[in-house]
Amino acid sequence: MTTTSAPARARRRSPSFGSLGVGMAVLWLSIIVLLPLAALAATALDGGIGGFWDAITAPGALASLRITVLVSVVVALINVVFGTMIAWVLVRDEFPGKRFVNGIIDLPFALPTIVASIVLLSLYGPGSPINVHLNATKAGLIVALAFVTLPFVVRSVQPVLMELDRDVEQAAASLGAGNLTILRKVVLPVLAPAILGGAGLAFARAIGEFGSIILIGGNIRGETQVTSQYIQQLLEMDRSSDAAATSVVLLAIAFVTLLVLRVLSNRATRREEQDT
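Everything numeric in this text was worked out from a predicted model, so none of it was measured.

Peer 1: Break down empty space enclosed by the protein for me, citing the residues and quoting the values.
Peer 2: One simple way to see leftover space: roll a probe sized like a water molecule over the atoms. In the structure shown here, the tally under the stated rule is 1 cavity of 30 Å³ or more. A volume near 40 Å³ is recorded for the largest cavity. Lining the largest cavity are Thr68, Ser72, Leu145, Ala206, Ile207, Glu209, Ile213, Val226 and Ser228. Contributing elements (two or more residues each) for the lining of the largest cavity: helix 4 (59–92) and helix 10 (179–207).

Shown next as structure tokens:
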């Protein structure tokens, strides 16, 4: 009499939607993602390859892309530090109001970004009640983008910290390792994939953000005009092909960034699994 192993029985019992499920998933993905991207690419190439190249190498496009990428990198790095710190405090520390703090982390996800821009302009604009004036500056862009992208890092790191085996940290401490050594040798290697993933999401969100910076950014060409504002300007001038071409560049930057970070994250995960 033959017996079936538990894993085999579990595989047989696991639900499967079969070809119908695959077809529905591909159809929905095509409607929501692939078809809009194809339409965007077609519009970007209305003027041919030459027109596309002229659009993305125009002085205004290059200036806005440079500002956008620079500010987004700074924002991602800031959120890596402070987002990881906040996640650590929420997981490892107990303090009054912890649930409230944990709840407001997701506020930028729910708050309309134009509302965030109004609030930031009221706080840091010309009539600042705290006498801090960031309107129409790169610092203002960084503050606005840091606000809307903070949850990505916090929510990426937090669940990994919750699952982290603290016995390893205690064992390292019992062997004489200091807090800094434990953080560098034990904790950060485990958190690295989550930190990279959160940083990638924060960067991708920042390069395409519009609402939160529309007021406080100032939209000064060559100084604070980000690519999303430049694209809006092109659309207002009825240059939809140039706007689509610039949008394709933004999409390409976001896609390559997420792809590279995913590869690095997977490598870090495999290395951690091999070490353990």
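Peer 1: Describe the nonpolar core, naming the residues involved and giving the relevant values.
Peer 2: With 20 residues, the main nonpolar core has Ala44, Phe52, Ile56, Ile207, Tyr230, Ala245 and Leu250 as its most contacted residues. By residue number, the principal contributor to this core is helix 12 (residues 240–275), which donates 6 residues. In this structure, Ala245 is in contact with Ala44, Phe52, Ala55 and Ile56, ignoring residues within four places of it in sequence.

Peer 1: Would you mind going over the packing of aromatic side chains in detail, with residue names and values included?
Peer 2: The full count for this structure, using the stated rule, is 1 aromatic pair. Between Phe109 and Phe152 the ring centres are 5.2 Å apart and the planes differ by 80°, which places this aromatic pair in the edge-to-face class. On the criterion of sequence distance, the pair formed by Phe109 in helix 6 (residues 107–110) and Phe152 in helix 8 (residues 138–163) is long-range, its members being 43 residues apart. Classification of Phe109 by relative accessible area gives partly exposed; the value is 42%. The exposure class of Phe152 is buried, given its relative accessible area of 17%. Between the NZ or CZ atom of Arg92 and the centre of the ring of Trp88, over which it lies, the distance is 4.5 Å.

Peer 1: So what's going on with the packing of helix 7 (residues 113–124) against helix 8? Which residues, and what values?
Peer 2: Here helix 7 crosses helix 8 at 135°, and the two axes come no closer than 11 Å. One way to sum up the angle between helix 7 and helix 8 is to call them oblique. Considering the relative orientation of helix 7 and helix 8, their crossing is right-handed. Only Val143, Ala144, Phe147 and Val148 of helix 8 make contact with helix 7, whose side of the interface consists of Thr113, Ala116, Leu120 and Tyr124.

Peer 1: Describe the pattern of salt bridges, naming the residues involved and giving the relevant values.
Peer 2: Taken as a whole, this structure holds 5 salt bridges when the rule is applied. Among the ionic pairs, Arg155 bridges to Asp106, the shortest N-O distance being 2.9 Å. Remark: Asp106 occurs in the loop between helix 5 (98–104) and helix 6 and Arg155 occurs in helix 8; sequence separation between them is 49 residues. Judged by its relative accessible area of 30%, Asp106 is partly exposed. Arg205 is the salt-bridge partner of Glu209, the closest N and O atoms lying 2.9 Å from each other. What makes Glu209 buried here is its relative accessible area of 6%. On the basis of relative accessible area, Arg205 is assigned to the partly exposed category, the value being 24%.

Peer 1: Explain helix 7 residue by residue, including any values.
Peer 2: For an α-helix the count is 3.6 residues per turn, leaving residues at separations of three or four pointing the same way. The end-to-end C-alpha distance of helix 7 is 16 Å, a good match for the 16 Å that 12 residues give at a rise of 1.5 Å each. Residues of helix 7 that are buried include every one of Ala116, Ser117, Leu120 and Tyr124, and no others. With its buried residues spanning 100° around the axis, helix 7 presents them on a single face. Elements in contact with the buried residues of helix 7: helix 8.

Peer 1: Any chance you could break down a nonpolar patch on the surface for me, citing the residues and the numbers?
Peer 2: The grouping of Leu20, Met24, Leu27, Trp28, Leu29, Ile31, Ile32, Val33, Leu34, Leu35, Leu37 and Leu251 at the surface amounts to a nonpolar patch, some 1,200 Å² of accessible area in total. It is helix 2 (residues 18–44) that contributes the most residues to the nonpolar patch, 11 residues altogether. Mapped onto the secondary structure, Ile31 falls in helix 2.

Peer 1: Describe in detail unusual backbone geometry, supporting the description with residues and values.
Peer 2: Glycine aside, a negative phi is what most residues show, and trans is what most peptide bonds show. One non-glycine residue with positive phi stands out, namely Ala136, at about 60°. With respect to the helices and strands, the residue Ala136 is situated in the loop between helix 7 and helix 8. For Ala136, a relative accessible area of 26% translates into the label partly exposed. Here the phi dihedral of Asn219 falls at roughly 55°; this positive angle occurs in a residue that is not glycine. The topology assignment puts Asn219 in the loop between helix 10 and helix 11 (227–236).

Rules of the game
- Residues numbered from 1 in each chain as written.
- Predicted model: local features only at pLDDT ≥ 70, side-chain atom pairs only at ≥ 80, totals over all residues.
- Heavy atoms only, no water.
- 1 Å grid on protein atoms, 1.4 Å probe; cavity = no way out; pocket = protein on both sides within 12 Å on 5 of 7 lines; lining within 4 Å.
- Points joined across faces, edges and corners; volume = space filled by probe spheres on them.
- Helix = DSSP H or I, 4+ residues; strand = E, 2+ residues; numbered from the N terminus.
- Core = buried A, V, L, I, M, F, W, Y, C linked by side-chain atoms within 4.5 Å.
- Buried < 20%, exposed > 50% of the residue type's maximum accessible area, 1.4 Å probe, protein only.
- Contact = heavy atoms within 4.5 Å.
- Phe/Tyr/Trp six-rings, centres within 6.5 Å; stacked < 30°, edge-to-face > 60°.
- Lys NZ or Arg CZ within 6 Å of the ring centre and 35° of its normal.
- Axes fitted to C-alpha atoms, helices over the stretch in contact; angles between N-to-C directions.
- Parallel < 35°, antiparallel > 145°, perpendicular 65-115°, else oblique.
- Left-handed = near helix turned anticlockwise from the far one by under 90°.
- Salt bridge = Lys/Arg side-chain N within 4 Å of Asp/Glu carboxyl O.
- Expected span 1.5 Å × (residues − 1).
- Arc of directions from axis to C-beta.
- Patch = residues over 30% accessible without salt bridge, like charges linked within 9 Å, V, L, I, M, F, W, Y side chains within 5 Å.
- Areas by Shrake-Rupley, 256 points an atom, 1.4 Å probe, with all protein chains shown as cover.

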